[in-house]
Amino acid sequence: MLDLIILASEAGEHADPSIGGIHLLNATFFVSAAMLILIGIILYKKVPATIGASLDRKIASIKAELDEAQALRADAEKLRAEYEAKLAAATQEAADMNARAEAEAEAIRAKARTDAENLIVRRQKMATDKIAAAERAAIAEIRNKVATAAAGAAATLIAENHNADADKSLVDSTVAQLGMRLN
């Protein structure tokens, strides 16, 4: 085959593309005719309409998916907003609970301080009252001992210094003074 190509190139002539000497019926003509027939068959079988309908269905399917995706996105945005609101509400509630707890703790501390101060005052008063009672008891005990000692000393002195006549005159003067005091 290579030999033929070489021979043809040496001869300087080209092969005639015509069939049967008619220049219209060459290879280009047959390819063009085949293409026209193919296009005719494609149009007759309504392939473009089928392809268009298929593409329309595909477009409708994609549009439906996009609409569904937009609806899902809207739902997701709505849920996100709802959860952000819930989070904000929970944060606010936690802050309110914390503030209430701190206020209650401060109230408890204040009450504890007041109770402790009242208890200290009561204990001091009880201690003061106990000390005062102990002082009164000690004074009463000392008075009793002094009175007993004085009465004993007086009895001893009277027994030593007075006789029956002196006692009689002392009793008479005391009874007379009593009579004057009572009137």
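For the structure itself, look to the data block above.
Presented here is a report on the structure given in the accompanying data block. Residue numbers restart at each chain and count upward from 1, following the sequence in its written direction. With pLDDT at 70 or above as the cut-off, local features in this predicted model cover only qualifying residues; side-chain atom pairs require 80 or more to be listed or tallied, and sums for whole chains, interfaces and linings still use all residues. Side-chain metrics in this entry use all non-hydrogen atoms of the structure; hydrogen atoms and water are not considered.

### Quick look at the overall build of the protein
Thought 1: Put simply, DSSP H or I for four residues or longer makes a helix, DSSP E for two residues or longer makes a strand, and each gets a number counted from the N terminus. Looking only at helices and strands, the protein has four helices and zero strands in total.
Thought 2: For the protein, the N- to C-terminal ordering of α and β elements is α-α-α-α.
Thought 3: Buried residues are those whose accessible area, probed at 1.4 Å on protein chains only, stays under 20% of the maximum for their type, while exposed residues exceed 50% and partly exposed ones sit between those limits. The buried share of the protein, reckoned over its 183 residues, is 1%.
Thought 4: The accessible surface values rely on the Shrake-Rupley method and a 1.4 Å probe; as for residues, cover is taken only from the protein chains in view. Of the accessible surface of the protein, which amounts to about 16100 Å², a share of 66% is contributed by carbon and sulfur atoms.

### Let's talk about the pattern of salt bridges
Thought 1: Salt bridge, as applied in this entry: a Lys or Arg side-chain nitrogen positioned within 4 Å of an Asp or Glu carboxyl oxygen. Inspection of the entire model under this criterion finds eight salt bridges.
Thought 2: The partner of Arg109 in a salt bridge is Glu106, with the nearest N and O atoms 2.8 Å apart. With Arg109 and Glu106 both in helix H3 (residues 47-161) and three residues apart, this pair spans about one turn of that helix.
Thought 3: The partly exposed category is assigned to Glu106, whose relative accessible area is 37%.
Thought 4: The salt bridge involving Arg113 is made with Glu106; its shortest N-O contact spans 3.9 Å.
Thought 5: Look at the salt bridges and you will find they share partners, linking Glu77, Arg80 and Glu84 into a network.

### Quick look at unusual backbone geometry
Thought 1: Its identity as a non-glycine residue notwithstanding, Lys46 has a phi of 60°, on the positive side.
Thought 2: Mapped onto the elements of the fold, Lys46 is located in the loop between helix H2 (27-44) and H3.
Thought 3: You can call Lys46 exposed: its relative accessible area is 55%.

### A look at the packing of aromatic side chains
Thought 1: Centres within 6.5 Å make a pair out of two Phe, Tyr or Trp rings, where for Trp the six-membered ring is used; the pair is then stacked when the planes are under 30 degrees apart, edge-to-face when over 60, and tilted otherwise. In the structure shown here, the tally under the stated rule is one aromatic pair.
Thought 2: Ring geometry for Phe29 and Phe30: centres 5.6 Å apart, planes at 70°, overall edge-to-face.

### Details of a nonpolar patch on the surface
Thought 1: Only residues above 30% relative accessible area that lack a salt bridge enter a patch, with like-charged residues linked at up to 9 Å and the nonpolar side chains Val, Leu, Ile, Met, Phe, Trp and Tyr linked at up to 5 Å. A contiguous nonpolar surface patch, about 880 Å² in accessible area, is contributed by Val31, Met35, Leu38, Ile39, Ile42, Leu43, Val47, Ile51, Leu55 and Ile59.
Thought 2: Those elements giving two or more residues to the nonpolar patch turn out to be H2 and H3.
Thought 3: Broken down by element, the residue count for the nonpolar patch peaks at six residues, all from H2.
Thought 4: Relative to the elements of secondary structure, Val47 occurs in helix H3.
Thought 5: The exposure class of Val47 is partly exposed, given its relative accessible area of 30%.

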